[in-house]
Amino acid sequence: MPSEIQLSSAPFIERLNQAALQTAMDRLRVKPHLDFIDWAPLNIRNPDGTPFRFRPTQLQVAKDLFNANLYSVTLKAYSGMGKTYLIGAAFAYAIEQLGLLVGAMMPNKVLVEDWINDELQKVFDATPVMASLGLSRDIRGQKLFTNGAELHGVGANSSGLIRRLQVDVMYSDEIDAIEQTATDEGDKLGQFEKRGRGRK
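Calculation criteria
Note that residues are indexed from 1 along each chain, following the sequence as it is written. With pLDDT at 70 or above as the cut-off, local features in this predicted model cover only qualifying residues; side-chain atom pairs require 80 or more to be listed or tallied, and sums for whole chains, interfaces and linings still use all residues. With hydrogens and water set aside, each side-chain value is computed from the structure's full complement of heavy atoms. Only DSSP runs of H or I with at least four residues qualify as helices, and only runs of E with at least two residues qualify as strands; both kinds are numbered from the N terminus onward. For every residue, the accessible area (1.4 Å probe, protein chains only) is compared with the maximum for its type, and the residue is labelled buried under 20%, exposed over 50%, or partly exposed between those bounds. Distance and chemistry together define a polar contact, namely a pair of N or O atoms within 3.5 Å, with one atom able to donate a hydrogen and the other to accept it when in protein, and with adjacent residues in sequence counting only for side-chain atoms on both sides. Between N-to-C directions, angles cover 0 to 180 degrees, with each direction set by a line fitted to C-alpha atoms, over the stretch in contact for helices. If an angle is under 35 degrees, it is roughly parallel; if it is over 145, roughly antiparallel; if it lies from 65 to 115, roughly perpendicular; otherwise it is oblique. We call two residues contacting when some pair of their heavy atoms lies within 4.5 Å. Amino acids are sorted into nonpolar (Ala, Val, Leu, Ile, Met, Phe, Trp, Tyr, Cys and Pro), charged (Asp, Glu, Lys and Arg) and polar (every other residue, Gly among them). In this description, the arc belongs to the directions extending from the helix axis to the C-beta atoms. Paired strands, in this sense, are two strands between which DSSP finds at least two bridges.

Within the secondary structure layout, asparagine 43 lies in helix α2 (residues 36-43). Given the relative accessible area of 18%, asparagine 43 is considered buried. Of the polar contacts made by the side chain of asparagine 43, one reaches the backbone oxygen of tryptophan 39; its length is 3.0 Å.

Written as structure tokens, this is what we have:
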């Protein structure tokens with residue numbers, strides 16, 4: 001082998017990472033003006049009207065949520081960590097800034113619909129950029145926004161609804177309460193994950 005040829009995987013891996021990042025950015029419907037970690041404190045309002053601020057325990061998670069180099073983010077959160085508002089802010093960013101299709105799954109349909117229409121809606125109502133975003137459809141478990149973004153909620157107990165879902169960003173909660181039965185068509189969390197077109 002000629003001495004001027006050097007074999008190294010580092011340039012190849014770097015080019016591969018850049019290509020993957022470019023592909024992920026190309027899939028976004030709308031290019032964000034700000035990263036999530038900068039956008040949320042400027043735009044999100046808590047249900048009491050006060051500005052949203054990331055807690056120290058939320059900062060790394062917030063940086064990871066829209067990092068195109070990460071396939072998925074798993075969060076084991078204790079009660080009071082602020083997960084609902086963190087995920088609410090992330091959903092608002094995905095919808096308002098990126099115009100993406102977002103999906104949420106919980107153990108059953110009632111839980112996910114209550115979460116969307118009670119907990120998540122409080123964040124949306126208090127946040128001016130979300131409150132002013134038009135809706136073309138608003139029913140329990142589904143919201144279609146006039147900018148092309150969509151929000152869908154499914155229960156893990158409905159394999160049929162999971163199979164019809166196609167979203168860009170996915171969130172599943174209370175996964176330890178998902179029950180498997182003999183008639184199930186495989187792992188429900190795995191089924192949900194397969195419905196993602198991009199980030200999980």
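A word on the packing of α2 against helix α4 (residues 83-97). Axis separation between α2 and α4 bottoms out at 10 Å; the angle between their running directions is 100 degrees. Between α2 and α4, the crossing angle belongs to the class labelled roughly perpendicular. Contacts between α2 and α4 involve Phe36, Trp39 and Ala40 on the former and, on the latter, Leu86, Ala89, Ala90, Ala92, Tyr93, Glu96 and Gln97. Here the contact of α2 with α4 is built from residues that sort into eight nonpolar, one polar and one charged.

With that settled, consider α2. Those residues of α2 not exposed but buried are Phe36, Trp39, Ala40 and Asn43. Viewed along the axis of α2, the buried residues span an arc of 100 degrees, placing them on a single side of the element. In this structure, the buried side of α2 is in contact with α3 (59-65), α4 and α6 (128-131).

What follows covers the side chain of lysine 143. Structurally, lysine 143 is set in strand β3 (residues 142-145). Engagement of the side chain of lysine 143 in a polar contact is seen with the side chain of aspartate 138, the distance being 2.7 Å. Apart from residues lying up to four places away in sequence, lysine 143 is in contact with Ile116, Asn117, Gln121, Leu135, Arg137, Asp138, Ala149, Glu150 and Leu151.

Once that is clear, we can look at the pairing of β3. Burial along β3 is two-sided: the face carrying Gln142 and Leu144 and the face carrying Lys143 and Phe145 are both buried. Sheet topology places strand β2 (residues 135-139) next to β3; four bridges connect them, and they run antiparallel. Looking at the pairing, aspartate 138 lines up with lysine 143 of β3. The antiparallel hairpin formed by β2 and β3 contains two residues in its connecting segment, where glycine 141 sits at a positive phi of about 90 degrees. Summarising the sheet, β3 and strand β4 (residues 150-155) pair through three bridges and their orientation is antiparallel. Within β4, the residue paired with lysine 143 across the bridge is leucine 151. Hairpin connection of β3 to β4: four residues between the antiparallel strands, including glycine 148 at a positive phi of 95 degrees.

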